[in-house]
Amino acid sequence: MRVLHLTDPHLFADFYGELRGTVTADSLQSVLDHYGIADWRAHRVLVTGDLIHDDSAEAYDRFRDLMLPLNLRVHCVPGNHDIRGLMRPVCQWPPFSYCAWEEVGDWLLVGLDSCLAGQAGGAVSEEELERLAEIVGASAARHVLVFLHHPPVPMGSKWLDSVGMANGEQVLERLRTLGRVRALVFGHVHQEYDDMYEGIRIMATPSTCRQFMPASDEFAVDDRPPAYRRIELRSDGDLDTQLIWVDQ
């Protein structure tokens, strides 16, 4: 199964809305265009939060309109810039889904909410971890991919780690005990990450708009272009992945 990972588009109601000098709708469209002309085709899309930036319902409508031409099921989870009450009406109806789960072949995809109201940092609640355990326990799938917004691991950036996941170690340990989790995908950090934890592949994808400077003690943006990630999930539980930078 092939999965397209997009994250942190930060859209506005205004098509020409900018985030630090980047028109985010135009930037997301350039990513989708790049995907569209390539010879690689996904079966599912994961979008791991910060769909919008301006707290508007119209920005979610823009997200929907940009994504619909893919003709794919799009699994979404909220980020700290998202407004749940505005996001759900768009993302809980096909082809979109909100913090949902789906079995596809040998794999189970599960979206988690890692957001805390009014905070940039996040945590996965005990209730959400219990929901994950129940979904995995009831599934016959041999392998599990979890996707959420906040990083469960330190990024080595002082300011970014201050708004990371408060209970990341606990979350990773719970995933390990489930026994079938092979991968975890997240957003929020606007940079690349790819490492292992107790047999679990942990990956972040840069934003479809602006990036953060890696290993920076203070907030700083990077000049790297928009990006997306290709993930190929194998029936044996392994995966292949390729990060694609989109020069505009």
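Residues numbered from 1 in each chain as written. Predicted model: local features only at pLDDT ≥ 70, side-chain atom pairs only at ≥ 80, totals over all residues. Heavy atoms only, no water.

Is there a simple way to explain the sheet that holds strand E8 (residues 107-111) in this structure?
Spatially, the six strands line up as an open sheet ordered E7-E8-E9-E10-E12-E11, and their pairing is mixed. Whereas interior strands pair on both sides, the edge strands pair on one side only; in this sheet they are strand E7 (101-104) and strand E11 (193-197). Going from strand to strand, the sheet's axes swing by 15 degrees on average, the running direction of each strand aside. Relative to the sheet, helix H4 (residues 126-138) contacts E7, E8 and strand E9 (143-147), its axis offset from that of E8 by approximately 160 degrees. (Pairing = 2+ DSSP bridges. Helix = DSSP H or I, 4+ residues; strand = E, 2+ residues; numbered from the N terminus. Axes fitted to C-alpha atoms, helices over the stretch in contact; angles between N-to-C directions. Contact = heavy atoms within 4.5 Å.)

Can you walk me through helix H1 (residues 24-37) in this structure?
The α-helix winds at 3.6 residues per turn, so residues separated by three or four positions along the chain end up facing the same way. If you check H1, its first and last C-alpha atoms are 20 Å apart, about what 14 residues at 1.5 Å a residue would give, namely 20 Å. Considered for burial, the residues of H1 that qualify are Thr-24, Ala-25, Ser-27, Leu-28, Ser-30, Val-31, Leu-32 and Tyr-35. Structurally, H1 contributes buried residues whose contacts are with strand E1 (2-6), strand E2 (18-19), strand E3 (22-23), helix H2 (57-67) and strand E15 (227-233). (Expected span 1.5 Å × (residues − 1). Buried < 20%, exposed > 50% of the residue type's maximum accessible area, 1.4 Å probe, protein only.)

Even after reading the chapter, I still don't get helix H3 (residues 84-91), so can you show me in this structure?
Those residues of H3 lying buried are Met-87, Val-90 and Cys-91. On an axial view of H3, the arc spanned by its buried residues comes to 80 degrees, and they lie on one face. (Arc of directions from axis to C-beta.)

What exactly am I supposed to notice about the packing of aromatic side chains here?
Here a ring pair, both rings aromatic, is described through the centre-centre distance and the interplanar angle of the planes. By the definition in use, this model includes seven aromatic pairs. With 5.0 Å between their ring centres and 75 degrees between their planes, Trp-159 and Phe-212 make a pair best called edge-to-face. Taken as a pair, Trp-159 in helix H5 (residues 158-161) and Phe-212 in strand E13 (residues 211-212) lie far apart in primary sequence, 53 residues in all. Exposure remark for Trp-159: the relative accessible area of 18% places this residue in the buried category. Here Phe-212 falls in the buried class, since its relative accessible area comes to 10%. Measuring from centroid to centroid gives 5.6 Å for Phe-212 and Phe-219, while their planes differ by 70 degrees, and the two rings are edge-to-face. Judged by its relative accessible area of 40%, Phe-219 is partly exposed. A connected cluster of aromatic rings, assembled from ring pairs, spans Trp-159, Phe-212 and Phe-219. Against the face of Tyr-35 rests Arg-41, its NZ or CZ located 5.1 Å from the ring centre. (Phe/Tyr/Trp six-rings, centres within 6.5 Å; stacked < 30°, edge-to-face > 60°. Lys NZ or Arg CZ within 6 Å of the ring centre and 35° of its normal.)

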